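# Topology and contacts: notes
The residues making up each chain are set out below.
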Amino acid sequence: MKIIRAKDYQDLSRKAANIISAQVIMKPDCVLGLATGSSPIGTYQQLVDWYNKGDVDFSGVKSVNLDEYRGLPKSDPQSYDYFMHEHFFDHVNIKPENINLPNGEAPDPDAECARYDKVIESLGGVDLQLLGCGRNGHIGFNEPGDCFAKGTHCVDLAESTIEANKRFFDSIDDVPRQAFSMGIQTIMRARKILIIISGKDKAEAVAKGFFGPITPQVPASILQLHPDVVAVVDEEALSLCDKV
Ligand code: F6R
């Protein structure tokens, strides 16, 4: 794992956007695995900015998002589909038919998980997977548990994740209790992984995930086994790691 130290969130966002645009320039028809949440907003803004300047072209790119809340329609401003359009897709030239997310409204969760795994497989897998990381070390919505989940699955969100995500909703009761998430195996099959982590409240997740034992209790720790991971981490998030 290569850890790149960023000064702050802005620096982290520029560095992450540089890595993603390099991927798109090197392979214009690549498959990007994308994430939502506060961590990648600055990265998407930077990519949109470079797109507007003519520096990067998304016309051949295909995307698969990591996760989606179960039960929210795409039109709901809290859905990840809505988030992706608001922060990225609506501002660049990615083709609508090349955008993929789990369908939060699918009536049969098992069938939806199987469909999503097939979509990823039919695209030939993910070239570059962008990840954030939860305070408890979750990646995607793979919460701490007794084993690493394989493919796409329907997850019960951990209380700490519901608590962390309530900031986006009117009240904690509005936070969905379940989500569809790519599994750890799918994430680990990505040819390259870029994880971005910012802020003091993530310092423990960074210390345990990158320097602690590999355990499903800290899902991000599995990334230590991937052959091509770049972690862009800001100084606050690195504050408990004296080795970097
Ligand atoms: C989002 C996702 C989550 C977030 C994580 C961190 O698609 O999969 O794992 O990356 O919850 O969220 P933020 O960036 O809001 O701190």
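Just above, that's the structure.
Below is a short write-up of the structure. Predicted model, so just to flag it, every value in this text is computed and none were measured.

### Here's the deal with the overall build of the chain
Along the chain, the regular secondary structure elements total seven helices and 10 strands. Here the C-alpha atoms of the chain give a radius of gyration of 17 Å, agreeing with the 18 Å that 2.2 N^0.38 yields for 244 residues. Counting the 244 residues in the chain, one finds 54% classified as buried. Taking all contacts inside the chain whose residues are at least 6 apart in sequence as the whole, residues at least 24 apart take part in 78%. Across the chain, the centroid of the 25 positively charged side chains sits 6 Å from that of the 35 negatively charged ones.

### Brief notes about the sheet that holds strand E8 (residues 178–181)
Hydrogen bonds between backbone atoms are what pair the strands of a sheet, whose relative direction is either parallel or antiparallel. Sheet architecture is open: three strands sit in the order E4-E8-E7, paired in antiparallel fashion. Single-partner strands in this sheet number two, and they are strand E4 (67–69) and strand E7 (153–156). Taking each pair of neighbouring strands and ignoring which way they run, the sheet shows an average axis angle of 25°. Pairing of E4 with E8, which is carried by three bridges, proceeds in the antiparallel orientation. Bridging across to E8, Glu68 finds its partner in Phe180.

### Some thoughts on the packing of aromatic side chains
This structure, assessed with the given rule, holds eight aromatic pairs. Ring plane angle 50° and centroid distance 6.5 Å describe the contact between Tyr51 and Phe58, whose orientation is recorded as tilted. The exposure class assigned to Tyr51 is partly exposed, which follows from its relative accessible area of 25%. Here Tyr69 and Phe141 contribute two aromatic rings whose centre-to-centre distance is 5.8 Å and whose plane-to-plane angle is 40°, an arrangement assigned as tilted. Here Tyr69 is found in strand E4, whereas its partner Phe141 is found in the loop between strand E6 (128–131) and E7, with 72 residues between them in sequence. We classify Phe141 as buried; its relative accessible area is 3%. Among the aromatic residues, those joined into a ring-pair cluster are Tyr44, Tyr51, Phe58, Phe88 and Phe89.

### Topic: the site of the ligand
Around the ligand sit 14 residues, and of these Ser39, Asp67, His138, Gly140 and Lys202 come closest. Interatomic distance of 2.6 Å between a backbone N/O atom of Gly140 and an oxygen atom of the ligand. Coverage of the ligand by the protein amounts to 94% of the 410 Å² it exposes when considered alone. At a threshold of 2 Å from the grid points, most atoms of the ligand map onto the largest pocket. Tallied by class, the residues present in the shell around the ligand amount to three nonpolar, eight polar and three charged.

### Examining the pattern of salt bridges
Inspection of every chain in the model, using the stated rule, returns 10 salt bridges. The salt bridge partner of Glu235 is Arg5, with a shortest N-O separation of 3.8 Å. Here Glu235 is found in the segment after strand E10 (229–234), whereas its partner Arg5 is found in strand E1 (residues 2–6), with 230 residues between them in sequence. Classification of Arg5 as partly exposed rests on a relative accessible area of 40%. Between Arg191 and Asp127 there is a salt bridge, with its nearest N and O atoms 2.9 Å apart. You can see Arg191 sitting in the loop between helix H6 (184–189) and strand E9 (192–197) and its partner Asp127 sitting in the loop between helix H4 (109–122) and E6, a full 64 residues away along the chain. Owing to a relative accessible area of 7%, Asp127 belongs among the buried residues under this scheme. One continuous salt-bridge network, built from bridges that share partners, spans Lys27, Asp127 and Arg191.

Thresholds applied
- Residue numbers here run from 1 along each chain, matching the order of that chain's written sequence.
- Owing to the predicted nature of the model, reporting of local features is limited to residues with pLDDT of at least 70; listing and counting of side-chain atom pairs is limited to 80 or more, with chain, interface and lining totals taken over all residues.
- In computing side-chain properties, one takes all heavy atoms of the structure into account and sets aside hydrogens as well as water.
- Strands here are runs of E lasting at least two residues and helices are runs of H or I lasting at least four, both read from the DSSP assignment and numbered beginning at the N terminus.
- Note on method: radius of gyration uses C-alpha positions; expected globular size equals 2.2 Å times residues raised to 0.38.
- Buried residues are those whose accessible area, probed at 1.4 Å on protein chains only, stays under 20% of the maximum for their type, while exposed residues exceed 50% and partly exposed ones sit between those limits.
- A contact between two residues is defined here by any heavy atoms of the two lying within 4.5 Å.
- Neither His nor the chain ends is counted toward charge; the positive residues are Lys and Arg and the negative residues Asp and Glu.
- The location of each charge is read from NZ of Lys, CZ of Arg, CG of Asp or CD of Glu.
- Pairing between strands is defined by DSSP: at least two bridges between the two strands are required.
- As a rule, the C-alpha atoms of each element are fitted with a line to give its axis, helices using only the stretch in contact, and angles between N-to-C directions run from 0 to 180 degrees.
- Two rings belonging to Phe, Tyr or Trp (six-membered ring only in the last case) form a pair when the distance between their centres is within 6.5 Å. Interplanar angles under 30 degrees mark stacking, angles over 60 mark edge-to-face geometry, and anything in between is tilted.
- One heavy atom within 4 Å of a molecule or strand makes the whole residue count as near it.
- Counted as a polar contact is a pair of N or O atoms within 3.5 Å, where, for protein atoms, one must be capable of donating a hydrogen and the other of accepting one, and residues adjacent in sequence contribute only when both atoms are in side chains.
- Areas reported as accessible are Shrake-Rupley estimates using a 1.4 Å probe. Residue values count occlusion only from the protein chains shown.
- Both site types are read off a 1 Å grid over the protein atoms alone. A 1.4 Å probe that fits but cannot get out defines a cavity, while an open set with protein on both sides within 12 Å along at least five of seven lines defines a pocket; lining residues have an atom within 4 Å of a point.
- The rule for placing a molecule in a cavity or pocket is simple: more than half of its atoms must lie within 2 Å of the grid points.
- All amino acids are sorted into three groups, where Ala, Val, Leu, Ile, Met, Phe, Trp, Tyr, Cys and Pro are nonpolar, Asp, Glu, Lys and Arg are charged, and the leftover types, Gly among them, are polar.
- Every case where a carboxyl oxygen of Asp or Glu lies within 4 Å of a side-chain nitrogen of Lys or Arg is listed as a salt bridge.

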